[in-house]
Amino acid sequence: MKGRKRFLPLLLLAMALLLSACGAAGAQTQLEKTAAYLTKTVSEPQNASVGGEWAVIGVARAGAKAPSGWFEGYYQRLCETVREKDGVLDPRKNTEYSRAILALTAIGRDPRSVEGFDLTLPLADLDKTCVQGINGPIWALIALDSGGYAIPETQTGTQATRESYVQYLLEGQSENGAWGLAKGGSDVDMTAMAMQALAKYTALDGVSAALDRAAAFLSAEQLPNGGFQSYGDENSESVSQVILALCENGIGLDDPRFVKPGGTLAEALERFACPDGSFRHTLAGEGNLMATEQALCALAAIHRAERGESTLYAMAPAAD
């Protein structure tokens, strides 16, 4: 009888530890499933807005397993593209360089030396970067800050500085706290992305106030079920971008401003998950590659925050 009494507490302790371990494993299941889905579906990531850099960034920053040679294959294909295009990834859109810089930094490659070309150089041209509207400076800042890269001297146009990009964003914020593709617009995704870009600049005049207004806008736009809609459709990409905005700014997903009666942001994103690890664009849709790539980035950001690691876009060695 005494032996049984001693055994029961040990059994209960073992069960508690097992349940705890299962819970921890369960928390990572969706991230692992989504990373596995992407590395299988995007078997040869290219220099592309879908099926390329975002998959590489998500998998790398999630610390997920990738098939042997998967990252190196992306790098070699990007090198081929850079050679074929003589260093010009796109004559009009500088976001093409920003996206490549982020992927290269995520896998430990130097974007300033790719087949003899400096992919940060186009971002030194303020005028050309801002031709795309708010999108250009947003991703220029995120890309340059990802590795703490100095802005080179431009060979064309107006010399960009971090401060000039920040100022462009501040001037583009609407009265309601939002950003859109053009000045004066209001869009959930663009507002979340602008918050990601400005997260490191709270020491500059006006940035903290702008971020507060943007957070208030997003909180007001959040649906009662915890999700977001854009252009009339509730969608996963908007949820992913808001999650990234909060994580980049050190705002917990349990912040009362973003916990609605029907759920949290994490719960809202989970509703779009498919059994195979992919994510839907809309609740009525099927697995969507762009939605899946953005969801993996959001899941990686959550995972990194929970582990006390640097944010998704803080990739400089000193940041980890």
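This one's a predicted model, so the numbers in the text were calculated from it and none came from an experiment.

Engineer: I tried to follow the overall build of the protein on my own but got confused; where do I start?
Structural biologist: Each helix and strand in the protein was counted, giving 12 helices and 4 strands. Taken against the 2.2 N^0.38 rule, which gives 20 Å for 320 residues, the C-alpha radius of gyration of the protein at 21 Å falls within 12% of a compact globule. Principal axes of the C-alpha set define a box for the protein whose edges measure 85 × 45 × 40 Å. Classification of the 320 residues of the protein by burial places 52% in the buried group.

Engineer: I keep staring at the packing of aromatic side chains and nothing clicks. Help me out?
Structural biologist: For the structure shown, the criterion picks out 3 aromatic pairs. Note on Trp54 and Trp139: the rings are 5.4 Å apart at their centroids and 70 degrees apart in plane angle, and the pair reads as edge-to-face. One end of the pair, Trp54, is in helix H2 (residues 53-62); the other, Trp139, is in helix H6 (residues 135-146), with 85 residues separating them in the sequence. Of the two residues, Trp54 and Trp139, neither departs from the other in class, the shared state being buried. Aromatic pair Trp70 and Phe71: ring centres 5.3 Å apart, planes at 70 degrees, arrangement edge-to-face. A relative accessible area of 4% places Trp70 in the buried class. Taking the relative accessible area as the measure of exposure, Phe71 reaches 24% and is therefore partly exposed. The structure contains a cluster of three or more aromatic residues connected by ring pairs, namely Trp54, Trp139 and Tyr313. Lying over the aromatic face of Tyr75, Arg109 brings its terminal NZ or CZ to 3.9 Å of the ring centre. The side chain of Lys183 reaches across the aromatic face of Tyr168, ending 5.0 Å from its centre.

Engineer: Any chance you could explain the pattern of salt bridges here in plain terms?
Structural biologist: Opposite charge on two side chains makes pairing possible when the charged atoms of those side chains draw close. Scanning the model with the defined rule gives 12 salt bridges in all. Note that Glu53 and Arg99 form a salt bridge whose closest N and O atoms lie 2.9 Å from each other. Here the residue Glu53 occupies a position in helix H2, and Arg99 occupies one in helix H4 (residues 95-106), the gap between them amounting to 46 residues. For Glu53, a relative accessible area of 0% puts it in the buried group. Residue Lys183 is joined to Glu171 by a salt bridge in which the shortest nitrogen-to-oxygen separation is 4.0 Å. Highlighted residues: Lys183 in the loop between helix H7 (162-172) and helix H8 (188-198) and Glu171 in helix H7, separated in sequence by 12 residues. You can call Glu171 partly exposed: its relative accessible area is 47%.

Engineer: I would appreciate a short explanation of the packing of H4 against H6 in the present structure.
Structural biologist: Any two packed helices are characterised by the angle at which their axes cross and by the distance between the axes. At a minimum axis distance of 9 Å, the contact between H4 and H6 shows a crossing angle of 25 degrees. Classed by the angle they form, the pair H4 and H6 counts as roughly parallel. Like other packed secondary-structure pairs, H4 and H6 cross with a definite hand, here left-handed. Facing H4, whose interface residues are Thr95, Ser98, Ile101, Leu102 and Thr105, H6 presents Asn135, Gly136, Trp139, Ala140, Ile142, Ala143 and Ser146. For the contact of H4 with H6, the class distribution of residues is 6 nonpolar, 6 polar and no charged.

Engineer: Looking at this model, I keep getting lost on the environment of Phe228. Mind explaining?
Structural biologist: For Phe228, the position within the fold is in the loop between helix H9 (207-221) and strand S1 (229-230). What makes Phe228 buried here is its relative accessible area of 0%. Considering only alpha carbons, one finds Phe228 and Leu265, 37 residues apart in sequence, at a separation of 9.0 Å. Sequence-distant contacts of Phe228, that is, excluding residues within four places in its chain, are made with Val188, Leu218, Glu221, Gln222, Leu223, Asp233, Glu234, Asn235, Ser238, Val239, Val242 and Leu265.

Engineer: Would you mind going over the environment of Gly287 with me for this structure?
Structural biologist: By secondary structure assignment, the location of Gly287 is in strand S4 (residues 287-288). Distance in space between the C-alpha atoms of Gly287 and Gly277 is 8.6 Å, their sequence separation being 10 residues. When neighbours within four sequence positions are excluded, Gly287 is seen to be in contact with Cys274, Ser278, Phe279 and Arg280.

Engineer: Help me understand the confidence of the model for the protein in this model?
Structural biologist: Interpretation of this model should avoid reading the predicted coordinates in detail wherever pLDDT is low. This prediction gives the protein a mean pLDDT of 91; 90% of its residues lie at or above 70. Considering only residues more than four positions removed or in separate chains, one finds that residues 1-27, a stretch of pLDDT under 50, has 0 contacts.

Engineer: Where do I start with unusual backbone geometry in this structure?
Structural biologist: Backbone phi values are negative for most residues with the exception of glycine, while trans is the configuration of most peptide bonds. One non-glycine residue, Asp86, lies in the positive phi region at around 55 degrees. The exposure class of Asp86 is exposed, given its relative accessible area of 55%.

Each value, and the rule that gives it
- Residues numbered from 1 in each chain as written.
- Predicted model: local features only at pLDDT ≥ 70, side-chain atom pairs only at ≥ 80, totals over all residues.
- Heavy atoms only, no water.
- Helix = DSSP H or I, 4+ residues; strand = E, 2+ residues; numbered from the N terminus.
- Rg over C-alpha atoms; globule rule 2.2 N^0.38 Å.
- Buried < 20%, exposed > 50% of the residue type's maximum accessible area, 1.4 Å probe, protein only.
- Phe/Tyr/Trp six-rings, centres within 6.5 Å; stacked < 30°, edge-to-face > 60°.
- Lys NZ or Arg CZ within 6 Å of the ring centre and 35° of its normal.
- Salt bridge = Lys/Arg side-chain N within 4 Å of Asp/Glu carboxyl O.
- Axes fitted to C-alpha atoms, helices over the stretch in contact; angles between N-to-C directions.
- Parallel < 35°, antiparallel > 145°, perpendicular 65-115°, else oblique.
- Left-handed = near helix turned anticlockwise from the far one by under 90°.
- Contact = heavy atoms within 4.5 Å.
- Nonpolar A, V, L, I, M, F, W, Y, C, P; charged D, E, K, R; others polar.
- pLDDT = per-residue confidence, 0-100.

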